[in-house]
Amino acid sequence: MDLEKIQSDTETVLLDVLEKSQLQSGQILVLGLSSSEVVGGWIGKNSSLEIGQIIVHTFLEVLQERGIYLAVQGCEHLNRALVVERELAEQKGLEIVNVLPTLHAGGSGQLAAFDLMKDPVEVEYITAQAGIDIGETAIGMHIKHVQVPVRPVKRVIGSARVTALASRPKLIGGARANYRQDPLRKA
């Protein structure tokens, strides 16, 4: 695997999705990551600590300078719980759960988050404003309604398919209502 290309592609996708989703300081982005898919394997079967480190480090570096929080989703063996900074969990009143991820229960992304975050904790649920899914890990349950698909400029990192979601406020009021301009909403 070309690790420099994975890092570069990750940064390109992240910057593109941030621009398209218009995330602001204080908001949350979910990362779903299958390092197995990135290296060309089957999800959950070929986990790579090195890939997890590269991708999570890239996300943290970019997001921290913008004041955006990262939530790293685990696999179904942890019921898709998420690693976040304790500061975020306390600020948002998120319930902290007691579990430590492993390579095959939580995955390489969660292990990297525990290693790279200042004070990581695991939470069961979150409502984020956007997310990036590397390797079809199913992040939708953690993105606020109304979800809007975002098409990243690159659709693959390594061998993994990449999808993304943003969110917008619900439109209420019916046919007589007027709405604020919303760059995510289709005209």
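Residues numbered from 1 in each chain as written. Predicted model: local features only at pLDDT ≥ 70, side-chain atom pairs only at ≥ 80, totals over all residues. Heavy atoms only, no water.

**Student:** Mind showing me how you'd approach the environment of Leu 23 here?
**Tutor:** Structurally, Leu 23 is set in the loop between α1 (3–21) and β1 (28–33). By relative accessible area, which is 11% here, Leu 23 ends up buried. Measuring from C-alpha to C-alpha, the distance between Leu 23 and Pro 152 comes to 15 Å, with 129 residues separating the pair along the chain. Setting aside residues no more than four positions away along its own chain, Leu 23 makes contact with Leu 18, Ile 28, Leu 29, Ile 68, Gln 129 and Ala 130. (Helix = DSSP H or I, 4+ residues; strand = E, 2+ residues; numbered from the N terminus. Buried < 20%, exposed > 50% of the residue type's maximum accessible area, 1.4 Å probe, protein only. Contact = heavy atoms within 4.5 Å.)

**Student:** Could you clarify how one ought to interpret the packing of α1 against helix α3 (residues 49–64) in this entry?
**Tutor:** Think of two packed helices as two axes; the pair is described by the angle between the axes and how far apart they sit. Direction vectors running N to C along α1 and α3 enclose 35°, while the axes themselves pass 10 Å from each other. Relative to α3, α1 is oriented so that their crossing is right-handed. Counted together, Leu 3, Ile 6, Gln 7, Thr 10, Glu 11, Leu 14, Leu 15 and Leu 18 of α1 and Glu 50, Ile 51, Ile 54, Ile 55, Thr 58, Phe 59, Val 62 and Leu 63 of α3 form the full contact between these two elements. When its residues are assigned to classes, the contact of α1 with α3 shows 11 nonpolar, 3 polar and 2 charged. (Axes fitted to C-alpha atoms, helices over the stretch in contact; angles between N-to-C directions. Left-handed = near helix turned anticlockwise from the far one by under 90°. Nonpolar A, V, L, I, M, F, W, Y, C, P; charged D, E, K, R; others polar.)

**Student:** Mind showing me how you'd approach the pairing of strand β6 (residues 130–134) here?
**Tutor:** Across a regular strand the side chains alternate sides, sitting on one face of the sheet and then on the other. With respect to burial, β6 is a largely interior element, 5 of its 5 residues being buried. The side-chain alternation of β6 yields two buried faces, one formed by Ala 130, Ile 132 and Ile 134 and the other by Gly 131 and Asp 133. Bridge analysis of β1 against β6 gives 5 bridges, and the strand direction is parallel. Its bridge partner being in β6, Leu 33 is matched across the sheet by Ile 134. Bridge count for β6 against strand β9 (residues 160–167) is 5 bridges, and the pairing is antiparallel. (Pairing = 2+ DSSP bridges.)

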